[in-house]
Amino acid sequence: MGRLVLVDNRGDELASRLIKKMPDAIVSTNFKVQFRAGDVLCWLPLPNDYVDDEVQELATLIDKSIFLPTKIIMLSIPGTADDASLEQVEKWYGKNARSMIMSHQYAIKMIDEFEIPYTIIRIPPLVTDDTSAKIIAEGQQMSGDQLGINQLIPVLQTAIETNHYLNQSIGIVNSKEVNEDELS
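Rules of the game
Here the residue numbers are simple positions, counted from 1 along each chain's written sequence. Restriction of local features to residues with pLDDT of at least 70 applies here, the model being predicted, together with a cutoff of 80 or more for giving and counting side-chain atom pairs; totals for whole chains, interfaces and linings are based on all residues. Calculation of side-chain values draws on the structure's entire complement of heavy atoms; hydrogens and water are dropped beforehand. Definition of nonpolar core: a set of buried residues of the types Ala, Val, Leu, Ile, Met, Phe, Trp, Tyr and Cys, connected through side-chain atoms within 4.5 Å. For each residue, the accessible area found with a 1.4 Å probe, counting protein chains only, is set against the maximum for its type, and the residue is called buried under 20%, exposed over 50%, and partly exposed in between. By the criteria applied, helices consist of DSSP H or I runs no shorter than four residues and strands consist of E runs no shorter than two, each listed in order from the N terminus. What makes two residues a contact is simply this: any of their non-hydrogen atoms within 4.5 Å. For two strands to be treated as a pair, DSSP must find no fewer than two bridges joining them. Working convention: axes come from line fits to C-alpha atoms, limited for helices to the stretch in contact. Angles between N-to-C directions cover 0 to 180 degrees.

Draft legend 1. Local environment of the nonpolar core. If you look at the biggest cluster of nonpolar residues, it comprises 27 residues, and the most contacted ones within it are Cys42, Ile121, Leu152 and Leu156. Broken down by secondary-structure element, the contributors of at least two residues to this core are strand E1 (4–8), helix H1 (14–21), strand E3 (40–44), strand E4 (71–76), helix H5 (149–161) and strand E9 (168–173). Element by element, the count of residues in this core is highest for H5, at 7 residues. When residues no more than four places from it in sequence are discounted, the contact partners of cysteine 42 are Leu4, Val5, Leu6, Val7, Leu18, Ile73, Leu156 and Ile160. Formed by 23 residues, the second largest nonpolar core is a distinct cluster that contains Val55, Ala107, Phe114 and Ile116.

Written as structure tokens, this is what we have:
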């Protein structure tokens, strides 16, 4: 693996906690980066970011790059994979939920069109407190109210370092149910 290129403009602790696990990562607040051979791109947008516009910047970067990322990992919101109702997403993210879902759906579709291996990770709102966490597939209903940043980090790390979730959209829910996919 080359470098981990984090595109992050969140203002929370997600990128800094991920960098503690992967200290060779570089961080940019936008897609004005230059890929090197073997780089992995991890895009960590906020739910209300204009990801439909930002993915166009990513497309321009990919078109102009000599080296393409080996894979793209994108953080997204529920509601993009038949996993949450509009009412549930509004409960999590407010009255602009419909436009947020559409924006994220567009960005995900564009990433799929790049024909670069990818992983989409759908999450409810992040909090600094620890929560329980369970990984679910596309189409399974997302539940819970929040997800702890510490519970997201190992999933991101797995997606970055392995091919375990390659070309999948996975959800992470705060669930009290214990099963083989329970994260610690």
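Draft legend 2. Local environment of unusual backbone geometry. Even without a glycine there, the phi angle at aspartate 82 is positive, about 50°. Its place among the elements puts aspartate 82 in the loop between E4 and helix H3 (86–93). Despite not being glycine, asparagine 167 has its phi angle at roughly 55°, a positive value. Within the secondary structure, asparagine 167 is located in the loop between H5 and E9. Residue classification places asparagine 167 among the partly exposed residues on the basis of a relative accessible area of 44%.

Draft legend 3. Geometry of the environment of alanine 37. In this structure, alanine 37 sits in the loop between strand E2 (26–28) and E3. Taking the C-alpha atoms as reference points, alanine 37 and isoleucine 66, separated by 29 residues in sequence, lie 8.7 Å from one another. Non-local contacts of alanine 37, meaning those with residues more than four positions away in its chain, are made with Gly2 and Phe67.

Draft legend 4. Fine view of the sheet that holds strand E7 (residues 134–136). In spatial order, the strands read E2-E1-E3-E4-E5-E9-E7; together these 7 strands make up an open sheet with mixed pairing. Bordering the open sheet on either side are E2 and E7, each of which pairs with just one other strand. Pairs of neighbouring strands in the sheet enclose a mean axial angle of 20°, with direction left out of account. The pairing of E1 with E3 spans 5 bridges and is parallel.

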